[in-house]
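Structural overview for review
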Amino acid sequence: MTEPPLWRQAFDAVERRVTPRAEELVRTEAFTVGAALTRRAVTLARSTTRGATTRFWHLLDLPAGTDVSRLRAQVGALDREVRRLTLQLEAAQRGTERRHTPEETDADSAQSPDGPRPRPARRRAQRPARP
């Protein structure tokens, strides 16, 4: 076998010395408390910044990211509802078509002078972006 490159040998040597000390450090209570406090500080800073930018965009009478996310969720819900109602309507129409005479079916399927009506788009709704 060939020897690993020099940079890899240096990395492995440093890793062998640092890893045991780092593992000891992360298992201490002080590290746990520090990590929790850091997480809280980051969350607080993020929410404060988000609130300030939201107010700024609203002062300019523009939508903020939270407004867009909320609207995307509403549009997705409406899309799912329309798709559900369309399927129910199609099922109901198939059920009534079976009960009609052939003459009635021909009259029901007559096309308008403008041509056939377009069908609603059948695509999956996107989920709103996670903050």
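Rules behind the numbers
- Residues numbered from 1 in each chain as written.
- Predicted model: local features only at pLDDT ≥ 70, side-chain atom pairs only at ≥ 80, totals over all residues.
- Heavy atoms only, no water.
- Helix = DSSP H or I, 4+ residues; strand = E, 2+ residues; numbered from the N terminus.
- Contact = heavy atoms within 4.5 Å.
- Areas by Shrake-Rupley, 256 points an atom, 1.4 Å probe, with all protein chains shown as cover.
- pLDDT = per-residue confidence, 0-100.
- Expected span 1.5 Å × (residues − 1).
- Buried < 20%, exposed > 50% of the residue type's maximum accessible area, 1.4 Å probe, protein only.
- Patch = residues over 30% accessible without salt bridge, like charges linked within 9 Å, V, L, I, M, F, W, Y side chains within 5 Å.
- Salt bridge = Lys/Arg side-chain N within 4 Å of Asp/Glu carboxyl O.
- Bend = angle between axes of the 7 residues up to and from the residue.

A word on the overall build of the protein chain
- Helix and strand content of the protein chain: four helices and zero strands.
- For the protein chain, the share of sequence-separated contacts (at least 6 apart) that also reach a separation of at least 24 residues comes to 58%.
- Working note: accessible area of the protein chain is about 12,200 Å², and carbon and sulfur atoms make up 59% of it.

Looking at the confidence of the model for the protein chain
- Summarising the model, the protein chain shows a mean pLDDT of 85, and 73% of its residues fall at 70 or more.
- Within the protein chain, helix α2 (residues 29-59) carries the highest mean pLDDT (96), whereas helix α4 (residues 102-108) carries the lowest (53).

Details of helix α3 (residues 65-97)
- For α3, spanning 33 residues, the distance from its first C-alpha to its last is 47 Å, which sits close to the expected 48 Å at 1.5 Å a residue.
- Residues of α3 that are buried include every one of D67, G76, T86 and E90, and no others.
- Summarising the contacts, the buried residues of α3 are in contact with α2.

Focus: a nonpolar patch on the surface
- On the surface, a cluster of nonpolar side chains totalling about 390 Å² of accessible area is made up of F56, W57, L60 and L62.
- When you line up the elements, W57 lands in helix α2.

Examining the pattern of salt bridges
- Counted under the stated rule, the structure contains four salt bridges.
- With a shortest N-O distance of 2.8 Å, R70 and D67 are connected by a salt bridge. Residue R70 and its partner D67 are located together in helix α3, separated by three residues, close to a single helical turn.
- Classification of R70 by relative accessible area gives partly exposed; the value is 48%.

Things to note about helix α1 (residues 6-26)
- Spanning 21 residues, α1 covers 29 Å between terminal C-alpha atoms, matching the ideal 30 Å at 1.5 Å per step.
- Its axis deflected by about 35° at V18, α1 carries its strongest bend there, up to four residues before the proline P20.

A look at unusual backbone geometry
- The phi dihedral of D61 falls on the positive side, at around 60°, and the residue is not glycine.
- Mapped onto the fold, D61 is located in the loop between α2 and α3.

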